[in-house]
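Architecture and fold: a report
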Amino acid sequence: MADTSGKVIKCKAAVCWAAGEPLKIEEIEVAPPNAHEVRVRILYTGICHTDEYTRSGKDPEGNFPVILGHEGGGIVESVGEDVTGVAPGDHVIPLYTAECRECKFCKSGKTNLCGKVRATQGKGLMPDNTSRFTCKGQPIHHFMGTSTFSQYTVVADVSIVAINPIAPLDRACLLGCGITTAWGAVTKQPGIKGSSVAVFGCGAIGLGVISTSSTVGASRIIAIDTNPKKEAWAKQMGATEFVNPMTLPEGKRIQDYLVEITDGGLDFTFDATGSVNVMRAALEACHKGWGVSTVIGVAAAGQEISTRPYVIIIVTGRVWRGTAFGGVKGRTELPGLVEDYLNKKLKIDEYITHRRQFEDISEGFHDMHTGECIRCVVNMD
């Protein structure tokens, strides 16, 4: 294999030129990595609703033109100076939530929200405020520090983790977002064992919350979704009950129904929809005095969450909280999740309902919108 380190690589990438436009497969140039950067050959990527959220123009931080994608798996092609965490040939997963282990956030022990590259990542740029992607002579923005819809990508060395090469990358790639987020949202929340849980939204993340809640020993797991086809999926993953809000009596709110059937509300609820109305319902379905509602879904730009009367809902002890990447520290914890998968302690295969070749990546977005797709994995070769 020819040595491409230090050279510009030409490859294919799915470029979104403007908000709301479909992806277009283009030939791009990928510059070599600078110091503390890693260039990766992406072999597989999942398609997540967050990719569609930005493509659609609903993301207030969306930058265009851009190469989307953040659930990827690949092999390190080359590294820049002073990179020590990974080496050429390593099997890796890019991380949209960095872990530098040096900033205030990382050292606090209280959060996984590393501050090392957040400012430039939010602008769609590498840490030096430039891009490694060029198409038709024009710089192309990075996405979430990962851009896995490209056959080659460049990431910061704090935004990538090496994993066991035995793990198949067409499955392990999904640990880059949805499954890990769900796992962390549950396992980092004390007290779920023996408690009641309600999960709003039965996509990949919601199903992951259900599965993990079942694994840790929740006593009752109620899945909520407006798609009746999700009932079988939810129960397969461990839900004890399924409720379709569309089938409730006219005028009956889902939160009121849940409070009724649980003798006052749930111990824990999770929103995995991104709808501010559902976020409110999830909070109001919590039990007074101790109920905790976790927001995982991301709402559209300009949307606000609210509840009333707040004295009854908030002051009486319910907690409203959010989580990013499930609170997981990717470089430290993700290799362990890969081992859990290899030891059949963590489900991944069960989420993959569709597969696409790279040239059909847009069809993968269509799959996602049908309501029958949990995760589509794209072969980037």
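Attention here is on the structure that accompanies the text. Everything numeric in this text was worked out from a predicted model, so none of it was measured.

Remark: helix H5 (residues 178–187) packs on helix H6 (residues 204–216), axes separated minimally by 8 Å, with the N-to-C direction vectors making an angle of 45°. As the angle between them shows, H5 and H6 are arranged oblique. For H5 against H6, the interelement crossing comes out right-handed. On the side of H5, the interface is formed by Gly 178, Thr 181, Ala 182, Trp 183, Val 186 and Thr 187, while H6 contributes Ile 205, Gly 208, Val 209, Thr 212, Ser 213 and Val 216. Class assignment for the residues of the contact of H5 with H6 results in six nonpolar, six polar and no charged.

A few words now on the environment of His 70. Looking at where His 70 falls in the secondary structure, it is placed in the loop between strand S4 (66–67) and strand S5 (71–79). Considering only alpha carbons, one finds His 70 and Asp 51, 19 residues apart in sequence, at a separation of 7.8 Å. Discounting residues that sit within four places of it in the chain, His 70 has contacts with Cys 48, Thr 50, Asp 51, Tyr 96, Phe 143, Met 144, Thr 146, Thr 148, Gly 176 and Cys 177. A distance of 2.9 Å separates the side chain of His 70 from the side chain of Asp 51, its partner in a polar contact.

This paragraph deals with the side chain of Glu 284. By the secondary structure assignment, Glu 284 is in helix H9 (residues 276–284). Looking at Glu 284, its side chain comes within polar contact range of the side chain of Arg 253, at 3.4 Å. At 2.9 Å, the side chain of Glu 284 forms a polar contact with the side chain of Gln 255. In contact with Glu 284, other than residues within four places in its own chain, are Arg 253, Gln 255, Val 259, Thr 307, Arg 308 and Ile 313.

The next point concerns the sheet that holds strand S8 (residues 138–140). Spatially, S4-S1-S2-S7-S8 is the arrangement adopted by the five strands of the open sheet, whose pairing is antiparallel. Single-partner strands in this sheet number two, and they are S4 and S8. In this structure, strand S1 (residues 9–16) lies alongside strand S2 (residues 24–30), joined through seven bridges in antiparallel fashion. The residue bridging Lys 10 from the neighbouring strand is Glu 29, located in S2.

A separate point is the pattern of salt bridges. Under the criterion given, the structure shown has 22 salt bridges. Glu 61 is paired through a salt bridge with Arg 118; the nearest N and O atoms lie 3.1 Å apart. In this pair, Glu 61 sits in the loop between helix H1 (49–55) and S4 while Arg 118 sits in helix H3 (residues 118–122), placing the two residues 57 residues apart along the sequence. In this structure Arg 118 comes out as partly exposed when scored by relative accessible area, which is 41%. Residues Glu 260 and Lys 252 are paired through a salt bridge, measuring 2.6 Å at the closest nitrogen-oxygen approach. By relative accessible area, which is 51% here, Glu 260 ends up exposed. For Lys 252, a relative accessible area of 29% puts it in the partly exposed group. Each of Asp 170, Arg 171, Asp 349 and Arg 355 takes part in a single network of salt bridges with overlapping partners.

Take the pairing of S1 next. Buried residues dominate S1, accounting for six of its eight residues. Both S1 and S4 contribute to a ladder of two bridges, which runs antiparallel. Residue pairing for S4: Cys 16 is matched across the bridge by Val 66.

Soluble globular proteins: nonpolar side chains tend toward being buried together. In this structure, Ile 28, Phe 149, Leu 175, Ile 210, Phe 270, Leu 334 and Ile 361 are the most contacted members of the largest nonpolar core, which totals 90 residues. The element contributing the most residues to this core is S1, with six residues. Beyond its immediate sequence surroundings of up to four residues, Ile 361 is in contact with Ala 14, Leu 23, Ile 47, Phe 149 and Val 378. Ile 222, Val 243, Ile 254 and Ala 281 belong to the second-largest nonpolar core, a separate cluster that totals twelve residues.

The pairing of strands in a sheet comes from backbone hydrogen bonds and takes either a parallel or an antiparallel form. Taken together, six strands build an open sheet; the order of strands is S13-S12-S11-S14-S15-S16 and the sheet is parallel. This sheet does not close on itself; its edge strands, each paired only once, are strand S13 (241–243) and strand S16 (319–322). Between one strand and the next, the sheet's axes are offset by a mean angle of 20°, whatever the strand orientation. Against the sheet, helix H7 (residues 230–237) engages strand S12 (220–224) and S13, with an angle of about 150° to S13.

The subject of this paragraph is the state of the cysteines. Cysteine pairs can be covalently joined through their sulfur atoms, and such a bond is termed a disulfide. What the rule picks out here adds up to zero disulfides. Not engaged in a disulfide, the cysteine Cys 11 finds its nearest cysteine sulfur in Cys 135; these two sulfurs lie 10 Å apart. Residue classification places Cys 11 among the buried positions, given a relative accessible area of 6%. Residue Cys 48 stays outside any disulfide, its sulfur separated by 4.1 Å from that of Cys 177, the closest cysteine. Overall, the relative accessible area of 4% leaves Cys 48 in the buried class.

As a further point, take helix H12 (residues 361–369). Listed in full, the buried residues belonging to H12 are Ile 361, Gly 364, Phe 365, Asp 367 and Met 368. One face of H12 carries all of its buried residues, which in axial projection span an arc of 155°. Each element contacted by the buried residues of H12 is listed here: S1, strand S3 (37–47), H1, strand S17 (352–357) and strand S18 (375–379). Count one or two residues on from H12 and you reach Gly 371, which has phi positive near 85°.

Reading guide: rules and limits
Residues numbered from 1 in each chain as written. Predicted model: local features only at pLDDT ≥ 70, side-chain atom pairs only at ≥ 80, totals over all residues. Heavy atoms only, no water. Axes fitted to C-alpha atoms, helices over the stretch in contact; angles between N-to-C directions. Helix = DSSP H or I, 4+ residues; strand = E, 2+ residues; numbered from the N terminus. Parallel < 35°, antiparallel > 145°, perpendicular 65-115°, else oblique. Left-handed = near helix turned anticlockwise from the far one by under 90°. Contact = heavy atoms within 4.5 Å. Nonpolar A, V, L, I, M, F, W, Y, C, P; charged D, E, K, R; others polar. Polar contact = N/O pair within 3.5 Å; in protein donor to acceptor, adjacent residues only side chain to side chain. Pairing = 2+ DSSP bridges. Salt bridge = Lys/Arg side-chain N within 4 Å of Asp/Glu carboxyl O. Buried < 20%, exposed > 50% of the residue type's maximum accessible area, 1.4 Å probe, protein only. Core = buried A, V, L, I, M, F, W, Y, C linked by side-chain atoms within 4.5 Å. Disulfide = S-S within 2.5 Å. Arc of directions from axis to C-beta.

Just geometry here; none of it tells us what the structure is for.
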